[in-house]
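# Secondary and tertiary structure notes
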Amino acid sequence: MDDKRNPLSFQLDVSDFLPAEESEKQSLVVMRESVNFWKDGFRRLKKNKVAMISLVVIILIMIFAFVLPSFYPYSYEQQIRGSENLGLLQYSEDELARRAAGEKVFPHFLGTDSLGRDTTIRIMMGSRISLLVGLIASAIILIIGSTYGAISGYFGGKIDMIMMRIVDIIYTIPDILIIILLSVTLKYPLKDLAANVKGFAWIDIVGVGLISIFIVFSLLYWVGMSRIVRGQILSLKEQDYVIAAKALGASSGRIIRKHLLTNTIGTLIVTTTLQIPSAIFTESFLSFIGLGVSAPMPSLGSMASQALNGIRSYPHRLMAPAIMISIIILSFNLLGDGLRDAFDPKLKD
Amino acid sequence: MGGYIIKRVASAIITIFAVATITFFLMFLVPGGPFLAEKAPTPQTIEALEKKYGLDQPVVVQYANYMKRLIFKLDLGTSLKKRGQEINDIIRVRFPVSARLGAISVCTAICLGIPLGSIAALNREKWLDRTIMAISTVGNAIPSFVVATVLMYVCGVVLRILPTFGLTSPAHYILPVISLSFYPTAYISRLTRTSMLDVLGQDYMRTAKAKGLSQFKSLFKHALRNAVLPVVTYLGPLLAFIMTGNFVVERIFTIPGLGSEFISSITDRDYPLIMGTTIFLATLLIILNVFVDIAYKIIDPRIKLK
């Protein structure tokens, strides 16, 4: 009957006014959850295969560097007599005799060095140092750089000009030379401090070289970060919510912390992640020229440097730390690129 | 333009001054002063030496003297371990070796990186692009000391095709130059590829094509000129990288340059030499950076000169 109705008729269709069925109601519900900043970013990150693989590699390296050493039967400074200069998976005569007697001897996967120290555990500890340096240094850079940049950008005017001139000058100081200089000269005062003042004994354990690296990072390396943060804050502070916050009587500190810096979080994450490999780079370079961690603590750079002398007979001693350091830097680089694409597409160059 | 140059030079002078000051005061952190060698000299000798070098005077006077010597005579002092050798003379002998090696490496990095990046951009998403980018991603992650040591092992020890000791013939340059230019080449090719892709999508490229310009001409006259601009900004960091790279590469390949001298002065704790070399290299780097910045402003007219 309905079919015959003129489609242009104004006569109401009664069926339109019947109560909706449950299935009809369901179809109108928006099924997608609201997507916030983090979920959106992580969704994009998960799609990026390269970044996910590097994340997995980084986690594996972290397990290798932080967890495995506690279960490993050898320790990094333990000198096993009679087991000097072993090759890959070799056993010393003493260990062979013990194996023949039915005893279980843990193999030296990567051999031992000239003092009979197991190379595998030393690689683990060296990776630990590299990762620690990368993480701590970038944390320092994050804190100083973002605070400085935010203050400079928020207050603007003369304050901004003076603060940015200082940044310009620090930017042109050749940082690597100052790092070398500091590592050389800080050695004695820091050692004095560790020996004479209570509560500073940890300096000896961490190593003067590492501490001077951290000092230099906190003195010089934050300028890049502060420039990026300042640029972002400059445009963000014109936003209406900042004016609203000001009108409500929020203090400058609160506006910077709660409104401005939280809105630059994507940039902060990406820039911090990309600082990690450059810090690791610097540490390995310093250890290579003999300024990094203090012996017997190994570092990938110093292991490669020591391996140079026996390069003809024991090439694996060079290759192992060389490959390790390259993998660490590569995976952090790739993860950083992935994070940039996911959280801060604007930063892409 | 003149204003910008003056501003840039003024800030460079301040920086050099700051570096020299930092260097001087850091020297004071070393206990016992510069004369504390392994064979401890008698107190009388130390006193005489201190008097001779003016070390018995107050810090401020010493600082003034040091700055005076540095600015008016360009005198960096005397080496501690190499008795009687002027640091200026050491630099005069050693630096040209490093500079030559560095210059060749910079040229190699630029001459390889820009074409590689352009080729990658022109073959976007094809296998050639993927290969070049894969190599450059890996190249971006390998420190120069790793490149140098691995090259030395493979080419010098296993294959025995290239010399790995000293710098006496052109063949000796091959391995050090590869080690030094590996990372910058990778970086430059990435940089060029990104900016080339950006340029290729611009309207003026379409115009060039529409008006019938040959591909060769549009590529070289329009695209490449604009695409290499970011590379010029990278020149500053590149110079710094080459300098640091020189330290390790010269040590690994036993090259008698300033870099290996610097490293051995660190091992020997030859403080005056460390300080002198630092000031020299820092000044050099800062001056080169001023030139790079000014060159960039001249090359790219889009940047407003303040």
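Our structure's up above, just so we're on the same page.
Procedures and definitions
Sequence order as written defines the numbering, with residues in each chain counted from 1. For naming, the first written chain is A and the first written ligand is 1, with later ones following in the order written. In view of the model being predicted, local features appear only for residues whose pLDDT reaches at least 70, and side-chain atom pairs are presented and counted only at 80 or more, with totals across whole chains, interfaces and linings using the full set of residues. Strands here are runs of E lasting at least two residues and helices are runs of H or I lasting at least four, both read from the DSSP assignment and numbered beginning at the N terminus. Here the expected length of a helix is defined as 1.5 Å per residue gap, with one fewer gap than residues. Here exposure depends only on C-beta density: within 10 Å of a residue's C-beta, 20 or more other C-beta atoms make it buried, 12 or fewer make it exposed, and intermediate numbers make it partly exposed, the C-beta atoms being placed from the backbone. It is the directions from the helix axis to the C-beta atoms that the arc portrays. Here, residue contact means that the backbone-derived C-beta atoms of the two residues sit within 7 Å. All residues other than Ala, Val, Leu, Ile, Met, Phe, Trp, Tyr, Cys, Pro, Asp, Glu, Lys and Arg, Gly among them, are scored as polar; the first ten of these are nonpolar and the last four charged. Working definition: the nonpolar core is a set of buried Ala, Val, Leu, Ile, Met, Phe, Trp, Tyr and Cys residues, joined through C-beta atoms within 7 Å.

### Quick look at helix H13 (residues 252-263) of chain A
All names here are of chain A. Between the first and last C-alpha of H13 there are 15 Å, a value that for twelve residues agrees with the 16 Å anticipated at 1.5 Å per step. All buried positions along H13 are accounted for by Ile 256, Leu 260 and Leu 261. What you see down the axis of H13 is that its buried residues fit within an arc of 85°, all on one side. In H13, those exposed residues whose orientation departs by more than 90 degrees from the buried face are Arg 254, Lys 258 and Thr 262. Summarising the contacts, the buried residues of H13 are in contact with helix H5 (119-155) and helix H11 (223-236).

### Observations concerning the environment of B:Thr137
Residues and elements named next belong to chain B. With respect to the secondary-structure elements, Thr 137 resides in helix H5 (residues 127-139). A count of 16 C-beta atoms within 10 Å places Thr 137 in the partly exposed class. Separated by 70 residues in sequence, Thr 137 and Met 67 have C-alpha atoms that sit 45 Å apart.

### Some details on unusual backbone geometry
All names here are of chain B. Of note, the phi angle at Leu 74 is positive, near 55°, even though the residue is not glycine. Tracing the backbone shows Leu 74 in the loop between helix H3 (59-73) and helix H4 (87-122). Residue classification places Leu 74 among the exposed positions, given that 10 C-beta atoms sit within 10 Å. Not every positive phi belongs to a glycine, and Glu 125 is a case in point at roughly 65°. Here Glu 125 lies in the loop between H4 and H5.

### Things to note about the interface of chain B and chain A
Across the boundary between the two partners, chain B contributes 40 residues, which contact 36 residues of chain A. Considering each element in turn, the side of chain B that touches chain A owes the most residues, ten residues, to helix H1 (residues 2-27) of chain B. Of the residues in the side of chain B that touches chain A, the class split is 30 nonpolar, ten polar and no charged.

### Side note on the nonpolar core
In terms of nonpolar packing, the biggest core is built from 144 residues, with A:Ile289, A:Ala304, B:Ala148 and B:Val248 touching the most fellow members. Counting residues per element, this core draws most heavily on helix H16 (residues 315-343) of chain A, which supplies 13 residues. Not counting residues within four places of it along the chain, the set of residues in contact with A:Ile289 comprises B:Phe247, B:Val248, B:Ile263 and B:Ile266.

### Concerning helix H15 (residues 300-307) of chain A
Taking burial as the measure, the eight residues of H15(A) include seven buried ones, the bulk of the element. Buried residues along H15(A) sit in contact with H5, helix H14 (265-288) and H16 of chain A together with helix H6 (144-158) of chain B.

Geometry only, nothing functional implied.
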